[in-house]
Protein chains: 6
Amino acid sequence: MTAAFGELLLRLHSSDARRFLQSDAYNAYYAGAEANVGVLLSRLGVPVRYITRLPENDLARAGVEQLRAHGIDTGHILYGGDRLGVYFTEQGNGIRPTRVIYDRAGSSYAGLQPGMIDWASCFEGVSHFHWSGIAAAVSQGAADACREALVRADEKGIVISCDFNYRSMLWKYGKHPREVMGDLLPFSRIAVADLDSVNVYCGIDTDREAGFEDRFVQCVQALHSVFPSLQTLAMSFRRHQTYSGALWHKDGYFFAPGYDLPYVTDPIGAGDAFTGGLLYGIMNGLPGLNIIQFATACGALKQSIVGDWAILNLAEIEHFIQSGLSGRVIR
Amino acid sequence: MTAAFGELLLRLHSSDARRFLQSDAYNAYYAGAEANVGVLLSRLGVPVRYITRLPENDLARAGVEQLRAHGIDTGHILYGGDRLGVYFTEQGNGIRPTRVIYDRAGSSYAGLQPGMIDWASCFEGVSHFHWSGIAAAVSQGAADACREALVRADEKGIVISCDFNYRSMLWKYGKHPREVMGDLLPFSRIAVADLDSVNVYCGIDTDREAGFEDRFVQCVQALHSVFPSLQTLAMSFRRHQTYSGALWHKDGYFFAPGYDLPYVTDPIGAGDAFTGGLLYGIMNGLPGLNIIQFATACGALKQSIVGDWAILNLAEIEHFIQSGLSGRVIR
Amino acid sequence: MTAAFGELLLRLHSSDARRFLQSDAYNAYYAGAEANVGVLLSRLGVPVRYITRLPENDLARAGVEQLRAHGIDTGHILYGGDRLGVYFTEQGNGIRPTRVIYDRAGSSYAGLQPGMIDWASCFEGVSHFHWSGIAAAVSQGAADACREALVRADEKGIVISCDFNYRSMLWKYGKHPREVMGDLLPFSRIAVADLDSVNVYCGIDTDREAGFEDRFVQCVQALHSVFPSLQTLAMSFRRHQTYSGALWHKDGYFFAPGYDLPYVTDPIGAGDAFTGGLLYGIMNGLPGLNIIQFATACGALKQSIVGDWAILNLAEIEHFIQSGLSGRVIR
Amino acid sequence: MTAAFGELLLRLHSSDARRFLQSDAYNAYYAGAEANVGVLLSRLGVPVRYITRLPENDLARAGVEQLRAHGIDTGHILYGGDRLGVYFTEQGNGIRPTRVIYDRAGSSYAGLQPGMIDWASCFEGVSHFHWSGIAAAVSQGAADACREALVRADEKGIVISCDFNYRSMLWKYGKHPREVMGDLLPFSRIAVADLDSVNVYCGIDTDREAGFEDRFVQCVQALHSVFPSLQTLAMSFRRHQTYSGALWHKDGYFFAPGYDLPYVTDPIGAGDAFTGGLLYGIMNGLPGLNIIQFATACGALKQSIVGDWAILNLAEIEHFIQSGLSGRVIR
Amino acid sequence: MTAAFGELLLRLHSSDARRFLQSDAYNAYYAGAEANVGVLLSRLGVPVRYITRLPENDLARAGVEQLRAHGIDTGHILYGGDRLGVYFTEQGNGIRPTRVIYDRAGSSYAGLQPGMIDWASCFEGVSHFHWSGIAAAVSQGAADACREALVRADEKGIVISCDFNYRSMLWKYGKHPREVMGDLLPFSRIAVADLDSVNVYCGIDTDREAGFEDRFVQCVQALHSVFPSLQTLAMSFRRHQTYSGALWHKDGYFFAPGYDLPYVTDPIGAGDAFTGGLLYGIMNGLPGLNIIQFATACGALKQSIVGDWAILNLAEIEHFIQSGLSGRVIR
Amino acid sequence: MTAAFGELLLRLHSSDARRFLQSDAYNAYYAGAEANVGVLLSRLGVPVRYITRLPENDLARAGVEQLRAHGIDTGHILYGGDRLGVYFTEQGNGIRPTRVIYDRAGSSYAGLQPGMIDWASCFEGVSHFHWSGIAAAVSQGAADACREALVRADEKGIVISCDFNYRSMLWKYGKHPREVMGDLLPFSRIAVADLDSVNVYCGIDTDREAGFEDRFVQCVQALHSVFPSLQTLAMSFRRHQTYSGALWHKDGYFFAPGYDLPYVTDPIGAGDAFTGGLLYGIMNGLPGLNIIQFATACGALKQSIVGDWAILNLAEIEHFIQSGLSGRVIR
Ligand SMILES: [Ca+2]
Ligand SMILES: [Ca+2]
Ligand SMILES: [Ca+2]
Ligand SMILES: [Ca+2]
Ligand SMILES: [Ca+2]
Ligand SMILES: [Ca+2]
Ligand SMILES: [Ca+2]
Ligand SMILES: [Ca+2]
Ligand SMILES: [Ca+2]
Ligand SMILES: [Ca+2]
Ligand SMILES: [Ca+2]
Ligand SMILES: [Ca+2]
Ligand code: NI
Ligand code: NI
Ligand code: NI
Ligand code: NI
Ligand code: NI
Ligand code: NI
Ligand code: NI
Ligand code: NI
Ligand code: NI
Ligand code: NI
Ligand code: NI
Ligand code: NI
Ligand code: NI
Ligand code: NI
Ligand code: NI
Ligand code: NI
Ligand code: NI
Ligand code: NI
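Residues numbered from 1 in each chain as written. Chains lettered and ligands numbered in written order. Predicted model: local features only at pLDDT ≥ 70, side-chain atom pairs only at ≥ 80, totals over all residues. Heavy atoms only, no water.

J.: Please clarify how the overall build of chain A should be interpreted in this entry.
T.: A tally of helices and strands in chain A yields ten helices and 15 strands. Taken over the C-alpha trace, chain A has a radius of gyration of 19 Å; the compact-globule value for 331 residues is 20 Å, and the two agree within 12%. Its C-alpha atoms give chain A principal-axis dimensions of roughly 50 × 45 × 35 Å. Across the 331 residues that make up chain A, the buried fraction comes to 64%. Contacts in chain A between residues at least 24 apart in sequence constitute 71% of all its contacts with a sequence separation of at least 6. Here chain A displays about 11,200 Å² of accessible surface, and carbon together with sulfur accounts for 46% of that area. Both charge centroids of chain A, one from 28 positive and one from 34 negative side chains, sit 4 Å from each other. (Helix = DSSP H or I, 4+ residues; strand = E, 2+ residues; numbered from the N terminus. Rg over C-alpha atoms; globule rule 2.2 N^0.38 Å. Buried < 20%, exposed > 50% of the residue type's maximum accessible area, 1.4 Å probe, protein only. Contact = heavy atoms within 4.5 Å. Areas by Shrake-Rupley, 256 points an atom, 1.4 Å probe, with all protein chains shown as cover. Lys, Arg positive; Asp, Glu negative; His and termini not counted. Charge placed at Lys NZ, Arg CZ, Asp CG, Glu CD.)

So this is what it looks like as structure tokens:
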């Protein structure tokens, strides 16, 4: 069983493609970087337990019920605190970017303190633990809870994966991200990152004149020397309409051919779908090239789906890897 | 000019008559007890200035633009702090009640402190000041800002009106409502109340066996002895499907005949529409009976309108006072 | 075949139960008093030809296609002129009335002139002709076209029915309605009226202290002496929530028991459904009591249907006559 | 654990209150008499396993995921066959009835044959088994599977409850319902019925001149003599706007005071909510009067909720029993 | 008059661009390959009669009324049987394909048997008969009815056109498509095909290394030798974003320049619009190049329209042929 | 303060991307070339007064309230006349063009006559006056009012800007556009035009073989010789998916690099956003290249926004100038 830990959010998305200043209704999706990863893993048949802290109200319950619909074990969620974290999104459209207003301060998750969560019980039967930089970004207490989880997971020999996920609009509790993450990242055996996060968290720079593949190699080398326990690193890249992925795994480098995505339904959650696909590939012992193809296909397909979750099955991911984008009718 | 002070809220209302646990979209309305009163007054031709504190984001700006559409002066709003107060509502339907989840902790308004607002500038040209118990219920700082406003208004000879508006789910900052409101209510020359608020704020009990009109008279007498400056008190009552109003004004008692409301579109904001109608009547020097008829008509008509605001004009209120409820077609 | 003549309108109805001042979308229905009657007759199996004048654009074509869907012969519609008549409606809800904004000046129909319509062709195979006061209310040219139609129908021995349908917001072309209608009404063998229209068009007053049934009898007697060719008169009445009907036919008086309608989906078009039911009953030679029961059932059932058209079949009307209102599930 | 067995259906409900002939969109809800009961029981904390046969497509999977969201064990569902049963509903509104078009012939469930379901595994840990007459109404194979389930349940000493649920539009496979149900009903220890079903299945008539309570007593006596194993019988009644319930349990008769329901959001599923409430009361050992009050409250509250499922919690049901209908705002 | 014969379907399309697993509402369109062709022909002024078998319920009636709106003669439709064929579609978006779930087994159309339809009456005044491979794919009875129709049409000298339309998910009644179609296709004077259908029905292979135009020529030659009565063959091709067409007619080959379609609103029905345009061109005696340009324009334009029907007029098709794709505003 | 003068329109836009013939609902936006310019200027901080004539009904009031929301001074609007101008739009999609049906004949604005508007009061505090060719296109009275305004503005030394905006479907009152505009255009110090308008209004032709930049230079030279007071001319161009701009200002020529717009949300109002951006740049004394970059960015960004108004702020326009199109998520 894989345990995922982080904040569950209610996403309120401006309806009918309107700007915030025009919107008179919001579509509601549930989200959260780690929950997003868990949903895809669970849909692909990996048993997943989701751990978080939520208030006792129907907005939170609705989210938990949706996680349950996707097959996730929600029985270890802690209840308490005052509010569910929320984020508002304004739909972009290829000309204008998608915009986000975070409204997660003071959430039940942000109110976490070490000692609140019964990790022994949460980690029963658990072989993998996934978290992301966002889980440590919202409050000192949450960062301390992350540390507590990582120490316990490490003690139990659980494989730890981390998505760096640096969000500049968070990290408002008085510490530099590097100070916090520098302590937490070394527990990871598997990491997903982007060049910006690597710079902020680890102070690693790559050659801006170089191509993406070269920069990835530079990044792997620098990170590996800092975090010797790291065994796998993956990155997805979006450049203009092209979406591609890179993997360092078992000492080899693997690159997925990029997809040209002309029209994106919802870009949010693509990175988490990539991570979900990556973990699926690793857990199933796929060869390196297959892993990165699988992860990149998940990240691309997600962008055709409304909401934060990659509602995908194995057959269609494999079909996509073979056939690529399709405007056809399957009947 | 009338100045209204309180918190502007984003209301997110479950769409398509769904329960929270079923809702996948929320209609967005802007709200707040004092803003609601201001909107009706402004639509009826009374110049209104709205004073509050808001974050600098598009969710808050959208609310300000809507207030401006209704003709309200929004030029004295203070910007700062982190988030807009939100409340979620689940549509009731005459069998089930309408349910509210407040999510206003940590809002920009709740972050108010005395000294932040430039009352001298806010009160330029102002003859009336309206606030409600909710304005003091969300934080100590907000309650202190209320006190500051009341002292300044009183010094300037501004007529002060207060809607008691007790909300048991607020008042979480460690003081009993009576302790806070006991200090603030005596500034009022005009008050709107309900029997429950009067009990909580002032410890006044009325005879539960008596009828509504008798209890209103008892209440007036008890309140008048506590707050000698009080010159006007009004209450609206809902019992089963009947909605009615009572007024003590210029030492006389006036009762509006009740309306039987079979099907309510949106009950929220009815009390604020009643208050808006009351203030309109007083400011225009109507006789007591006309004032309470006008206020009660506003409160009843509001319940036929989606959202928190009483989008009404003078002609239709007067027509309603004369003709009552109507299922007709006006063509 | 029955020919119906009048103006086809696009109705734009505020969406989501909003007031005009709140509405950001309008549901589109096609309408027109005479078209409404024709749709119900056609659905009940009576062959119907609809005659009007429309502009050559897709807004008009969409309406013609919908009439065709209901089985109406639209092959004699005249095309020309500049615009389709429109009316906007604001949904009422039992507290507030439904409001109408007419926007039909300058329409293709209002631009009608005598000689434009080829009545000989329009009246081929026609046994009944139906029109209403609205058809003559929008312009002098339209009133002249009505007169032309009536003279031709009368010459051919066609049975003429008229719904008085007085609308005070129309009649803006400089003539008093009585002047125009006084000339046109005497062609009618069948009439549907209401007390107000009878007063405006014919100067007939009834005793306001009397009950509805007595006033109906008074009205019949006064009208009969003015229009000796009149053989049938029917009226529907709405009082509070009660909807009922009265008929004078073959020298007898018949009254349908009233229906108590608690919640009305759309009141518009109820009168036209009543008229459609009346004509159906007469054309099928039903006894007087059955005719008025049928007409009243149609008028009541219409109010449960969105849009202006009574989408009903014979079986359900007959079931309604026997069983009355129903909140049941038919499965 | 309670096992519920029957057909899962996709309900397609005409949108925007339209008639079938007007509807251009259908809201999708999942349904089925036994699933409806299971959802309420599960929400109230009773462990529930749902057993059915479904096709392997995303329409069926979506329904299974929704059941899982409500906490139901869906791990014993059998997959196979060609299609999901569907039913279309046309929204009624208190004037017109709600209409149903069944489209469930040839469904995966109807294709059931004895031997297909592994009852030994399905009944592991099961103490109660619930089914309804609909489960046997769709095909001979389904009726045979019902018999197989009942025999196995009976052998294991499982408490069997049955909702008579006679639907005249089903039962098209060539047998009279009495022939089939006469064999299956005697297994029941608990039954929910209505006077019509009792007549069709058992040939029992009650005195049509008598009141509901007297007819219930007559019905109990007649049924008890036919099915001696029956220990509990309950009925809900709807007459005009009044909804009430009756119970015979442990040899006593209990009647819940009726509720007057002015405006019903969705009448479908009220009976199943009543049954769910009944089973909850019995399983929790409530006294007879409390059981029938609880069941009747569930049936009434359901009618305020869109879709077939009673999305309710214990606290609000108990509040409703104490306070009755409410148009209030809970804040 | 052109007669079209096949199955009318209700298409239920996932709303708001959602996947099946996310959809809580379905937009309803009426469809069917032959009806789709008929709608476009009728809109272009060709008299069309549509022949099918439908159940007597409002879902079927709604479809018939929509056909009537488009000017189609629906007076020869046969009523009987139990259900309307349905198909569900999941909206694709250029990344993911559009997916279809057929639910047409057991439909009224599939229940057809020879002798049911009165072809003599159906073919009165008919000069052209159109059908497609789907009409024979759903049941042996339907295939037999196709044969019956073709024999009768042939006897009367009616020009027969067939769209091969192979659908691998149908053809479940135990015969290989080649066995059935091999018998039925030789009646055709005009055919629309694709390379896959030609392979399945006729065993004809073309050189997969060759370009589309070459393969079309190979296909014509092979087909012509098998079906000597064939005089016209057309194909449309979609490759990546390019949509193009080819025609063999009066012994000449004609190719339309392809259109590059960046964003497709609804790909379904494009082939039928192509066929409708082809038949229009042939019936109006256009030169070969003009025919294939017209057909290809119809197929391209259809993809900009929601639903299965090509709601187009002559002027805009001709404008499109001249000007191509347009993002302009016509005002 | 900038005064803008023209007609305020209600735009009714077919919902759900439907064609007119399919649409059963219309989204409502307020519009009008000059109002559109005013909204963007006001949002960018330029004080704007909007002058028009409107009927006294809630459809017009709703539009005025929306202008007020954007900060526009609506206090000088004249009320009178019968109807609000309307235009219907059918959403295009890159294959089909967007289509417009104008319905503005007989509007309150078209009923304007010289002398009606109190220009002295309207021009108090005004430094710039903006109008467009549409303002003179709807009636002789409106053209006369334009002339009156221009003379007064000129007398007061107000800077006059004009958007040529030739609409061939208007200009139906019997004069050639050149006759009217030839008189009115010479007042302009700033003009926005397109090659077609320049040809119709001024008879100026440019070399169709030349590129856009060359033709712009030719056009400037020809116009400058005709209107010597002209000091600034700008044009935007759309060619296939490319949108670009050109400016002649202070005797220099400036060209903005074009944007490639793959998917346009709403093309309507792009020209007005370009004009608003141009005026903003001029009023703020930007260098020529910066002005045309700013204007072109506004015109491009508008096409990503539903409705006619460019809901934009300074920061995002500047960001767009630097970074170009974006499919990113800003968080
Ligand atoms: Ca809206
Ligand atoms: Ca999105
Ligand atoms: Ca919905
Ligand atoms: Ca929805
Ligand atoms: Ca509400
Ligand atoms: Ca809406
Ligand atoms: Ca309505
Ligand atoms: Ca319902
Ligand atoms: Ca589609
Ligand atoms: Ca829609
Ligand atoms: Ca619709
Ligand atoms: Ca648009
Ligand atoms: Ni969206
Ligand atoms: Ni959307
Ligand atoms: Ni809106
Ligand atoms: Ni609502
Ligand atoms: Ni609603
Ligand atoms: Ni939903
Ligand atoms: Ni509506
Ligand atoms: Ni809106
Ligand atoms: Ni409506
Ligand atoms: Ni509904
Ligand atoms: Ni529709
Ligand atoms: Ni519904
Ligand atoms: Ni759609
Ligand atoms: Ni769609
Ligand atoms: Ni949904
Ligand atoms: Ni749109
Ligand atoms: Ni839209
Ligand atoms: Ni529609």
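J.: Could you clarify how one ought to interpret the UniProt feature "domain: Carbohydrate kinase PfkB" (unreviewed entry) in chain A in this entry?
T.: The UniProt record marks residues 23-302 of chain A with the feature "domain: Carbohydrate kinase PfkB" (unreviewed entry), using the residue numbering of this structure. Structurally, residues 23-302 of chain A comprises 37% helix and 23% strand, and the distance from its first C-alpha atom to its last is 25 Å. (UniProt positions renumbered as here; feature names shortened; annotations may be inferred.)

J.: Got a minute to help me understand the packing of aromatic side chains in this structure?
T.: When we look at a pair of aromatic rings, we describe it by the centre distance and by the angle of the planes. Throughout the structure, instances matching the rule amount to 108 aromatic pairs over all chains. Their ring planes at 80° and their centres at 6.1 Å tell us that D:Phe216 and D:Phe255 sit as a pair that is edge-to-face. Here D:Phe216 is found in helix 7 (residues 212-226), whereas its partner D:Phe255 is found in strand 14 (residues 252-260), with 39 residues between them in sequence. Take D:Phe216: its relative accessible area is 0%, and that puts it in the buried class. By relative accessible area, D:Phe255 is classed as partly exposed at 24%. One aromatic cluster in this structure is built from A:Phe5, A:Tyr109, A:Trp119, A:Phe123 and A:Phe129. (Phe/Tyr/Trp six-rings, centres within 6.5 Å; stacked < 30°, edge-to-face > 60°.)

J.: Can you walk me through the pattern of salt bridges in this structure?
T.: Close approach of charged atoms allows side chains of opposite charge to pair. Across all of its chains, the model carries 84 salt bridges over all chains by this definition. One salt bridge connects D:Asp58 with D:Arg61, and the closest N-O pair in it is separated by 2.6 Å. Taken as a pair, D:Asp58 and D:Arg61 lie in helix 2 (residues 58-69) at a separation of three residues, close to a single helical turn. For D:Asp58, a relative accessible area of 12% translates into the label buried. Beyond isolated ion pairs, a larger network of salt bridges with shared partners links A:Arg19, A:Glu90, A:Arg96, A:Arg99 and F:Glu316. (Salt bridge = Lys/Arg side-chain N within 4 Å of Asp/Glu carboxyl O.)

J.: Just checking my understanding: could you explain the coordination of the nickel ion (ligand 18) for this structure?
T.: In an ideal tetrahedron of four donors about a metal, each angle is 109.5 degrees. In an ideal octahedron of six donors, the angles are 90 or 180 degrees. Within the protein, the nickel ion (ligand 18) binds to B:Asp24 (OD) and E:Asp24 (OD); these donor distances fall in the range 2.2 to 2.6 Å. Between the nickel ion (ligand 18) and the calcium ion (ligand 4), a separation of 4.1 Å is found, and both are coordinated by B:Asp24. Pair noted here: B:Asp24 is in the loop between strand 2 (9-14) and strand 3 (25-31) and E:Asp24 is in the loop between strand 2 (9-14) and strand 3 (25-31), and the two residues belong to different chains. Comparing B:Asp24 with E:Asp24, the two get one shared label, buried. (Donors = N, O, S within 2.8 Å, 3.2 Å for Na, K, Ca; no water.)

J.: Any chance you could explain the coordination of the nickel ion (ligand 26) here in plain terms?
T.: Residue and element names in this part refer to chain E. Taken together, the protein ligands of the nickel ion (ligand 26) are His 13 (NE2) and Gln 91 (OE1), with distances of 2.0 to 2.4 Å. Between the nickel ion (ligand 26) and the calcium ion (ligand 9), a separation of 4.3 Å is found, and both are coordinated by His 13. One end of the pair, His 13, is in strand 2; the other, Gln 91, is in the loop between strand 7 (85-90) and strand 8 (98-103), and 78 residues separate them in sequence. Its relative accessible area of 5% is what places His 13 among the buried residues. Among the residues examined, Gln 91 registers a relative accessible area of 22% and is labelled partly exposed.

J.: How do you make sense of the relation of the copies chain A and chain F when you look at a structure like this?
T.: The second copy of the chain is related to the first by a rotation about an axis and a shift along the axis. If you rotate chain A by 120° and push it 0.0 Å along the axis, it lands on chain F with an RMSD of 0.0 Å. Taken together, the rotation and translation relating the two chain copies correspond to the operation of a three-fold axis. When you check the interface residues of chain A against chain F, a mere 5% turn up at the interface there too, and the two sides of the contact use different surfaces. (Least-squares fit on C-alpha atoms with pLDDT ≥ 70 in both.)

J.: Is there a simple way to explain the confidence of the model for chain A in this structure?
T.: Note that predicted coordinates carrying low pLDDT should not be read in detail. Confidence in the prediction for chain A averages 96 pLDDT; 100% of positions are at 70 or higher. As a predicted assembly, this complex carries a pTM of 0.96 together with an ipTM value of 0.95. (pLDDT = per-residue confidence, 0-100.)

J.: Mind showing me how you'd approach the interface of chain A and chain F here?
T.: Frequently, the measure chosen for interface size is the accessible area that the parts lose on association. Taken residue by residue, the interface counts 22 residues in chain A and 22 residues in chain F. When chain A packs against chain F, close to 2,100 Å² is buried across both sides, 56% of that on carbon and sulfur atoms. Inspection of the region where chain A meets chain F yields two salt bridges. The partner of A:Arg99 in a salt bridge is F:Glu316, and the shortest N-O contact between them spans 3.7 Å. Between chain A and chain F we count twelve residue pairs in polar contact (both at pLDDT 80 or more) in total. Broken down by element, the residue count for the side of chain A that touches chain F peaks at four residues, all from strand 8 (residues 98-103) of chain A. In terms of residue class, the side of chain A that touches chain F is made up of ten nonpolar, five polar and seven charged. Two elements, strand 8 of chain A and strand 15 (residues 329-330) of chain F, share two bridges in a ladder whose sense is parallel. Each residue of the ladder has a partner; that of A:Arg99, found in strand 15 of chain F, is F:Ile330. (Buried area = accessible area lost by both parts, 1.4 Å probe. Polar contact = N/O pair within 3.5 Å; in protein donor to acceptor, adjacent residues only side chain to side chain. Nonpolar A, V, L, I, M, F, W, Y, C, P; charged D, E, K, R; others polar. Pairing = 2+ DSSP bridges.)

J.: Quick question: what am I supposed to make of the pairing of strand 4 (residues 48-51) of chain B here?
T.: Residue and element names in this part refer to chain B. Burial of the side chains of strand 4 extends over both faces: Val 48 and Tyr 50 are buried on one face and Arg 49 and Ile 51 on the other. For strand 1 (residues 2-5) and strand 4, the ladder comprises four bridges, and the chain directions are parallel. Each bridged residue has a counterpart across the sheet, and for Ala 4 the counterpart in strand 4 is Tyr 50.

J.: Help me understand the sheet that holds strand 11 (residues 190-192) of chain B, please; the structure alone is not making it clear to me.
T.: Neighbouring strands of a sheet are bound in pairs by backbone hydrogen bonds; such pairs are parallel or else antiparallel. All names here are of chain B. Taken in spatial order, the eight strands of this open sheet run 4-1-9-10-11-12-13-14, and their pairing is mixed. Bordering the open sheet on either side are strand 4 and strand 14 (252-260), each of which pairs with just one other strand. Recorded for the sheet is a direction-independent mean angle of 15° between the axes of neighbouring strands. The pairing of strand 10 (residues 159-163) with strand 11 spans three bridges and is classified as parallel. Bridging across to strand 11, Cys 162 finds its partner in Ala 191. (Axes fitted to C-alpha atoms, helices over the stretch in contact; angles between N-to-C directions.)

J.: How should I be thinking about the packing of helix 10 (residues 288-302) of chain C against helix 11 (residues 314-323) of chain C in this particular structure?
T.: For any two helices packed against each other, the geometry comes down to the angle between their axes and how far apart the axes lie. Residue and element names in this part refer to chain C. The interhelical angle for the contact between helix 10 and helix 11, taken along N-to-C directions, is 100°, at an axis separation of 9 Å. Comparing their axes, helix 11 and helix 10 come out roughly perpendicular. Only Leu 314, Glu 316, Ile 317, Phe 320 and Ile 321 of helix 11 make contact with helix 10, whose side of the interface consists of Gln 293, Phe 294, Ala 297, Cys 298, Ala 300 and Leu 301. Considered class by class, the residues forming the contact of helix 10 with helix 11 number nine nonpolar, one polar and one charged. (Parallel < 35°, antiparallel > 145°, perpendicular 65-115°, else oblique.)

J.: I would appreciate a short explanation of the environment of D:Pro47 in the present structure.
T.: Residue and element names in this part refer to chain D. Within the secondary structure layout, Pro 47 lies in the loop between helix 1 (33-43) and strand 4 (48-51). With 54 residues separating them along the chain, Pro 47 and Ile 101 place their C-alpha atoms 32 Å apart. Setting aside anything within four residues of it in sequence, one finds Pro 47 in contact with Met 1 and Thr 2.

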